[in-house]
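# Summary of structural features
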Amino acid sequence: MTFDLFDARGDAEPAAEPLADGAMVLRGFARPMQEELLADVRAVIAAAPLRHLITPGGLRMSVAMTNCGALGWVSDRRGYRYDRVDPERGAPWPAMPASFTRLAAQAASRAGFEGFVPDACLINRYEPGAKLSLHQDRDEHDHGAPIVSVSLGLPAVFLFGGLNRADKAMRTQLRHGDVVVWGGPSRLRFHGVLPLAEGEHALLGKQRINLTFRRAGLIHTP
Ligand code: MD3
Ligand code: FE
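Throughout, a residue's number is its position along its own chain's written sequence, starting from 1. Each chain is given a letter, starting from A, and each ligand a number, starting from 1, according to the order in which they appear as written. Reporting in this predicted model follows two pLDDT cut-offs: at least 70 for local features of residues, and 80 or more for side-chain atom pairs to be given and counted; totals over whole chains, interfaces and linings ignore these cut-offs and use all residues. For the side-chain quantities, the full set of heavy atoms in the structure was used; hydrogens and water were omitted.

### Focus: the sheet that holds strand S10 (residues 132–135)
Two strands make a pair as long as DSSP finds a minimum of two bridges between them. Working definition: helices are DSSP H or I runs of at least four residues, strands are E runs of at least two. Numbering for both runs from the N terminus. In spatial order, the strands read S10-S15-S12-S13; together these four strands make up an open sheet with antiparallel pairing. Only two strands of the sheet have a single neighbouring strand rather than two, namely S10 and strand S13 (170–174). For this sheet, the mean inter-axis angle between neighbouring strands, taken without regard to orientation, is 20 degrees. Across two bridges, the pairing between S10 and strand S15 (residues 191–193) is antiparallel. Bridging from a neighbouring strand, Leu 132 pairs with Val 193 of S15. Only the stretch in contact is used when fitting a helix axis, every axis being a line fitted to C-alpha atoms; angles between N-to-C directions are given from 0 to 180 degrees.

### Structural notes on the site of ligand 1
The local shell around ligand 1 holds 19 residues, among which Asn 124, Tyr 126, Trp 182, His 191 and Arg 208 are the closest. We call two N or O atoms a polar contact when they sit within 3.5 Å, provided that within protein one can donate a hydrogen and the other can accept it, with sequence-adjacent residues counted only if both atoms are side-chain atoms. At 2.9 Å, a side-chain N or O of His 191 approaches an oxygen atom of ligand 1. A distance of 3.2 Å separates an oxygen atom of ligand 1 from a polar atom in the side chain of Asn 210. Surface burial for ligand 1 is 98%, taken as the share of its 490 Å² of free accessible area covered by protein chains. If you list the elements that add at least two residues to the shell around ligand 1, you get strand S9 (120–126), S10, strand S11 (147–153), S15 and strand S17 (208–214). Counting residues per element, the shell around ligand 1 draws most heavily on S17, at four residues. Note on definitions. A residue lies near a molecule or strand when any single heavy atom of the residue is within 4 Å of it. To be clear on the numbers: accessible area is Shrake-Rupley with a 1.4 Å probe, and residue cover counts the displayed protein chains and nothing else.

### Thoughts on the coordination of the iron ion (ligand 2)
Water is absent from the atoms considered, so a metal site may look incomplete; donors are defined as N, O and S atoms within 2.8 Å of the metal, or 3.2 Å for Na, K and Ca. For the iron ion (ligand 2), the full set of protein donor atoms is His 135 (NE2), Asp 137 (OD) and His 191 (NE2), at a range of 2.0 to 2.2 Å. As a motif over one chain, the donors of the iron ion (ligand 2) read H-x1-D-x53-H. Of this pair, Asp 137 sits in the loop between S10 and S11 while His 191 sits in strand S15, and the two are 54 residues apart along the sequence. Accessibility here uses a 1.4 Å probe with only protein chains present; expressed as a share of the type maximum, an area under 20% marks a residue as buried, one over 50% as exposed, and anything in between as partly exposed. Assessed through its relative accessible area of 9%, Asp 137 is described here as buried.

### As for the environment of Met 170
Here Met 170 shows up in strand S13. Linking Met 170 and Asp 76, residues 94 residues apart in sequence, is a C-alpha distance of 30 Å. Throughout, a residue-residue contact means that at least one pair of heavy atoms, one from each residue, lies within 4.5 Å. What Met 170 contacts, discounting residues up to four positions off in sequence, is Phe 158, Leu 159 and Phe 160.

### Some details on the pattern of salt bridges
What counts as a salt bridge is simple: a side-chain nitrogen of Lys or Arg found within 4 Å of a carboxyl oxygen of Asp or Glu. In total, this model carries 15 salt bridges according to the counting rule given. Note that Arg 215 and Asp 142 form a salt bridge whose closest N and O atoms lie 4.0 Å from each other. One end of the pair, Arg 215, is in the segment after S17; the other, Asp 142, is in the loop between S10 and S11, and 73 residues separate them in sequence. The class for Arg 215 is partly exposed, based on a relative accessible area of 24%. Connected through shared salt-bridge partners, Asp 76, Arg 78, Arg 81 and Asp 83 make up one network.

### Topic: the sheet that holds strand S14 (residues 179–182)
Read across the sheet, seven strands follow the order S2-S3-S14-S11-S17-S9-S4 without closing on themselves; strand pairing throughout is antiparallel. A single partner strand is all that each edge strand has here, and the edge strands are strand S2 (16–20) and strand S4 (64–68). Between one strand axis and the next, the sheet turns through 20 degrees on average, direction left out of account. Note that S11 and S17 share six bridges and pair antiparallel. Bridge assignment links Gly 153 to a residue of S17, and that residue is Arg 208. In the packing of helix H1 (residues 34–47) onto the sheet, the strands contacted are S4, S9, S11 and S17, and the crossing angle to S4 comes to about 100 degrees. In the packing of helix H2 (residues 98–110) onto the sheet, contacts are made with S2, strand S3 (23–26), S4, S9, S11, S14 and S17, and the angle to S11 comes to roughly 115 degrees.

### Looking at the nonpolar core
Here, the term nonpolar core denotes a set of buried Ala, Val, Leu, Ile, Met, Phe, Trp, Tyr and Cys residues that are joined through side-chain atoms within 4.5 Å. Counting residues in hydrophobic clusters, the biggest one holds 29 residues, and the most contacted among them are Phe 100, Cys 121, Val 148, Val 150, Val 179, Leu 211 and Phe 213. Listing elements by their share of this core, those giving two or more residues are H1, H2, S9, S11, S14 and S17. No other element matches the five residues that H2 contributes to this core. In contact with Val 148, other than residues within four places in its own chain, are Ala 104, Ala 107, Ala 108, Phe 116, Val 179, Val 180, Val 181, Leu 211, Thr 212 and Phe 213.

Have a look at this one:
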């Protein structure tokens, strides 16, 4: 199956669809800036290459990851954490591109969170078969700030459950350009991504890229 550059709706103003309490999907919100975003994604990946992290349990993650911004999320045998330095290169993460910061703030504002300034952006790259098991994002210090996620490339089935792992999970498809803002009571929901189906995207080929913007906020120095 092939995925077109344009969706069927073609509206100028993307629809804001509530997913759950505090969670809002902005369908196609990132499409108007896709070229700039993709150029910046490629520049970050060129500076800090994608890699398959190892979980504390010793398993290689099927999703390849890298980061930009002051802090980056990493995992190894010692655990999960945010680090100012890319352990792979022994250097700080690439700066957050202006296009990323702008998009994250605009999307958060659209969902009712004013003044969102992310200090971390995790870049996830899915190839067919790659998945993300059900988990919570709780390594950030500031749970008052939302998480903004941007989907690019092939579509994926996204699972979101409740505050307990056993809560029944709902599902929604996230497609190229969709942005989701997770705040308030939804911030700590369990969530995951089903194995990516084969496909070919007009701009990204056989992959899905997801950007998640966070306020990881290690230490708040004035
Ligand atoms: C709901 N990424 O990087 S984005 C992650 O598509 C992550 O790559 C997924 O989960 C992906 O941690 C999902 C949507 C998302 C991101 C963070 C959330 C949903 C969330 C945090 C809390 C609740
Ligand atoms: Fe997550």
